[in-house]
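This is what each chain is made of:
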Amino acid sequence: MVSLETDIGGLRLSHPTLMGSGCYGSGDEFAPFVDQTAIGAIVLKSVTRLPRLGNPTPRLVRTPAGMLNAIGLQNPGIDWYVERELPKYAGRACPLVGSVAGFSVDDYAYVCERLAADDAIAAVELNISCPNVASEGETFACDPALAAKVVKTARTTTDKPLIVKLSPNVTDIAAVAVEVESAGADALAVINTVRGMGIDVETWRPRLGNVTGGLSGPAIRPIAVLAVYEVARAVTIPIVGQGGIETVTDALEFFLAGAAAVAIGTANFTDPRTPERIANGLRDYLQQRGIASIREIVGKANVGLADAHEYEGDEG
Amino acid sequence: MPAIEYDSRVHVTRVADRRELAPGVILLGLEAPELVRATRPGQFVMAIPPAGESAATALGIYEAEGTRASLLFFITGKRTHELAELRVGEPLGLIGPLGNGFDLSSVPQRAAIVAGGVGIASVLLAAQALVRSGASVELLYGARTSELLVDAERFGEAGCELVLATDDGSRGRHGFVTELLGERPAPDLILACGPTPMLRAVGAIAAELGVPAQLSLEETFACGVGGCWGCVVPLARSSAQAPSFPPASRGGSDVVFARVCKEGPVFRSDELQW
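Only a predicted model underlies this, so the values are computations on that prediction, with no experimental measurement involved.

Attention shifts here to the overall build of chain A. Helices and strands together make up the secondary structure of chain A, namely 8 helices and 16 strands. Taken over C-alpha atoms, the radius of gyration comes to 19 Å for chain A, in line with the 20 Å a tight globule of 316 residues would show. With respect to the three principal axes, the spread of C-alpha positions in chain A is 70 × 55 × 45 Å. By the burial criterion, 59% of the 316 residues in chain A qualify as buried. Restricting to contacts in chain A with at least 6 residues of sequence separation, those with at least 24 account for 71%. Surface exposure of chain A reaches about 12,600 Å², of which carbon and sulfur atoms provide 52%.

A rise of 1.5 Å per residue sets the reference length of helix H2 (residues 105-116) of chain A, with its 12 residues, at 16 Å; its end C-alpha atoms lie 16 Å apart and thus fit the reference within 8%. Within the span of H2 of chain A, buried status applies to Val105, Asp107, Tyr108, Ala109, Val111, Cys112, Leu115 and Ala116 of chain A.

What follows is about the pairing of strand E6 (residues 91-98) of chain B. Residue and element names in this part refer to chain B. Of all the 8 residues making up E6, 7 are buried; the element is thus mostly covered by neighbouring parts of the structure. Of the strand pairs in this sheet, strand E1 (residues 11-22) and E6 are connected by 4 bridges, and their pairing is antiparallel. Bridge pairing in E6 links histidine 11 to leucine 94. Here 4 bridges tie strand E3 (residues 44-48) to E6, and the two strands are oriented antiparallel to one another. Residue pairing for E6: isoleucine 48 is matched across the bridge by glycine 93.

Enumeration according to the criterion identifies 4 aromatic pairs over all chains in this entry. Their ring planes at 80 degrees and their centres at 6.5 Å tell us that tyrosine 81 of chain A and tyrosine 89 of chain A sit as a pair that is edge-to-face. Per residue, the accessibility class of tyrosine 81 of chain A equals that of tyrosine 89 of chain A, and both read buried. The cationic tip of arginine 49 of chain A hangs over the ring face of tyrosine 110 of chain A; the distance from NZ or CZ to the ring centre is 4.1 Å. Cation over ring: arginine 59 of chain A sits above phenylalanine 257 of chain B, and NZ or CZ is 4.6 Å from the ring centre.

This part covers unusual backbone geometry. Among all residues except glycine, the phi angle is most often negative; among peptide bonds, the trans geometry is most common. In the segment running from threonine 57 of chain A into proline 58 of chain A, the intervening peptide bond is cis, with an omega of -5 degrees. Along the polypeptide, proline 58 of chain A turns up in the loop between strand E4 (41-47) and strand E5 (60-63). Geometrically, the link from glycine 96 of chain B to proline 97 of chain B is a cis peptide bond, its omega value of 0 degrees lying close to zero. With a phi close to 60 degrees, aspartate 151 of chain B is a non-glycine residue in the positive phi region. In this structure, aspartate 151 of chain B sits in the loop between strand E8 (136-143) and helix H4 (152-157).

Moving on: the packing of helix H7 (residues 248-257) of chain A against helix H8 (residues 274-288) of chain A. Residues and elements named next belong to chain A. Packing of H7 against H8 brings their axes to within 9 Å, and their N-to-C directions diverge by 65 degrees. The orientation of H7 with respect to H8, classified from their angle, is roughly perpendicular. Crossing handedness for the pair H7 and H8: right-handed. Mapping the contact onto sequence places Val248, Ala251, Leu252 and Phe255 in H7 and Ile278, Gly281, Leu282 and Tyr285 in H8. The class makeup of the residues in the contact of H7 with H8 is 7 nonpolar, 1 polar and no charged.

Let's shift gears to the interface of chain B and chain A. Contacts between chain B and chain A engage 42 residues on the former and 43 residues on the latter. Regarding the contact of chain B and chain A, the summed buried area is about 3,800 Å², with carbon and sulfur atoms giving 62% of it. Summed over the shared surface of chain B and chain A, the number is 6 residue pairs in polar contact (both at pLDDT 80 or more). Within the residue set of the side of chain B that touches chain A, elements represented by two or more residues are E6 and strand E14 (255-259) of chain B. When residues in the side of chain B that touches chain A are grouped by element, the largest group, 4 residues, is from E14 of chain B. In terms of residue class, the side of chain B that touches chain A is built from 25 nonpolar, 11 polar and 6 charged.

A few words now on the nonpolar core. Membership of the largest hydrophobic core comes to 129 residues, with the highest contact counts inside it found for Leu126, Ile128, Leu166, Leu188 and Val190 of chain A. If you look at the next biggest cluster of nonpolar residues, it comprises 33 residues, including Ala111, Tyr141, Leu148 and Leu191 of chain B.

Residues and elements named next belong to chain A. One closed barrel accounts for 8 strands, arranged E3-E4-E7-E8-E9-E10-E15-E16; its pairing is parallel. If you compare each strand with its neighbour and ignore which way they point, the axes differ by 25 degrees on average. Strand direction decides the pairing type here: strand E9 (residues 162-165) and strand E10 (residues 187-190), joined by 3 bridges, are parallel. In the strand pairing of E10, valine 164 is matched with leucine 188. In this fold helix H4 (residues 144-155) packs onto strand E8 (123-127) and E9, with an angle of close to 160 degrees to the strand it touches most, E9.

Residue and element names in this part refer to chain B. Strand order around the closed barrel formed by 6 strands is E1-E2-E5-E4-E3-E6, with antiparallel pairing between neighbours. Averaged over all neighbouring strand pairs, the angle between strand axes comes to 45 degrees, with direction disregarded. Across 7 bridges, the pairing between E1 and strand E2 (residues 25-31) is antiparallel. Bridging across to E2, arginine 14 finds its partner in glutamate 31.

Time to look at the pattern of salt bridges. Proximity of charged atoms lets side chains of opposite charge pair with each other. Residues and elements named next belong to chain B. Per the counting criterion, the structure on display carries 20 salt bridges over all chains. Between arginine 173 and glutamate 183 there is a salt bridge, with its nearest N and O atoms 2.8 Å apart. Here glutamate 183 lies in helix H5 (residues 177-183) and arginine 173 lies in strand E10 (residues 173-174), a separation of 10 residues in the sequence. Measuring nitrogen to oxygen at the nearest pair gives 3.8 Å for the salt bridge that ties glutamate 271 to arginine 268. Residue classification places glutamate 271 among the buried positions, given a relative accessible area of 13%. Using a relative accessible area of 42% as the deciding quantity, one classes arginine 268 as partly exposed.

Reading the values: the criteria
- Residues numbered from 1 in each chain as written.
- Chains lettered and ligands numbered in written order.
- Predicted model: local features only at pLDDT ≥ 70, side-chain atom pairs only at ≥ 80, totals over all residues.
- Heavy atoms only, no water.
- Helix = DSSP H or I, 4+ residues; strand = E, 2+ residues; numbered from the N terminus.
- Rg over C-alpha atoms; globule rule 2.2 N^0.38 Å.
- Buried < 20%, exposed > 50% of the residue type's maximum accessible area, 1.4 Å probe, protein only.
- Contact = heavy atoms within 4.5 Å.
- Areas by Shrake-Rupley, 256 points an atom, 1.4 Å probe, with all protein chains shown as cover.
- Expected span 1.5 Å × (residues − 1).
- Pairing = 2+ DSSP bridges.
- Phe/Tyr/Trp six-rings, centres within 6.5 Å; stacked < 30°, edge-to-face > 60°.
- Lys NZ or Arg CZ within 6 Å of the ring centre and 35° of its normal.
- Axes fitted to C-alpha atoms, helices over the stretch in contact; angles between N-to-C directions.
- Parallel < 35°, antiparallel > 145°, perpendicular 65-115°, else oblique.
- Left-handed = near helix turned anticlockwise from the far one by under 90°.
- Nonpolar A, V, L, I, M, F, W, Y, C, P; charged D, E, K, R; others polar.
- Buried area = accessible area lost by both parts, 1.4 Å probe.
- Polar contact = N/O pair within 3.5 Å; in protein donor to acceptor, adjacent residues only side chain to side chain.
- Core = buried A, V, L, I, M, F, W, Y, C linked by side-chain atoms within 4.5 Å.
- Salt bridge = Lys/Arg side-chain N within 4 Å of Asp/Glu carboxyl O.

Shown next as structure tokens:
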């Protein structure tokens, strides 16, 4: 019997498959249609200090091998959320990870504290990388010092595992990861969506109400695999790899690059049975190779980064 | 030890019948007893593409009787093309029925159903239910050409009076189906499904006539079950369909964004703030 159990900075999971934030609501929405026992944890939709109406429409655009979204963190705000939403989530089959978004260091700390205090919440993800709320939301993940400050402050509010979600829209994601690790993060989520846009050539207008959006789906998978690979070389805390994972082969790439778990997002919109398929596939893969645990393959493809060969003997 | 078998609750249906009603218009009959039992008029399913290479597709449930349900759709892109390639006997995964459907709790004397193009796929069950409840039902049905006025006769058999329109005048009225609505004797209830400009026009005419209208909206869905908040439409906060949200968000707006897939796809026209 192979083991798919894993541990994300203190968050113990029966399966190394999380449902990515914003793609799976609270889990209740999918529950009537999907068996959820193959899900390691559900990362809830991000919540902010104050209620947010979200972005104007359209909020979704299909693209080749993926989609652009710009939802804009529509949510009822932390007060309402704690009073009216979280009570409904007690007694779920899999752990729930609360997700915090904010516009100041204070926001993050305040919402993190309120969320983490609730028994329904097993861990907290700090979404410092939402690309869809003007420029403010993502700023935190694009500035290593600011990212560290958010994490350090949030860290003081809870002992529950803190997962920090990083942005791919930076020059050096590993540098941000290092700062976030030293500030006290227990794990990293790598990556959030990649910024993008689409234009309607009939109307000459951007196709998203928010003008810009976040690209997800298989189109961004190679970007995400490299980000996990680079971050894994720079930090020792576990990584939740995410970005366009649809099949067991996709998931394996992330484990081999250095992820201790993976998160599924856009693939749920193709087939909500994706987590069960991936869990079954992982088990088969390990069994066929006589490997006892998924943990044994984490980072096994990491051979470093190549230097280009220089031409020799032609010094002119 | 055998691998754990997960118990998926996706309906795995079988294609029982496949007809091309017009070039690029497919009617897929499915053996789907559980779906039929649960379906109410105006609901939809998310059809999971068999090759798994594109996102699931929202399709109105056209027929639902006995053990058979059917889906009527136009081939418009990769996803519907994949579905159109299905052959009799092949499996098709569905989640649903989804959405709220039409509110037929109070029976009108005279109902008008306005359908534009592929909108016809979402109104047959409502037409049948209204006729059964004793209402006299008029189907105002418009399409680009006579060829694309698919399955109109089916509504005649169901007991509806047919009033047709085509953009090119090849059958019925030469013009938009909405022009017909303004000219006919006013009904007590209007149901409509079709392209957004048509629905807006229906809403405006209904307001002028003072007749309640229920509009079945079309939007791009990602999840189809209310999980992603991608398919929203502005709705009056006072609407019974408004999602539960704090009473006074910043700015004190009277509008909330409701999910077309979850709170809809059918909304009362006078509550939409679009």
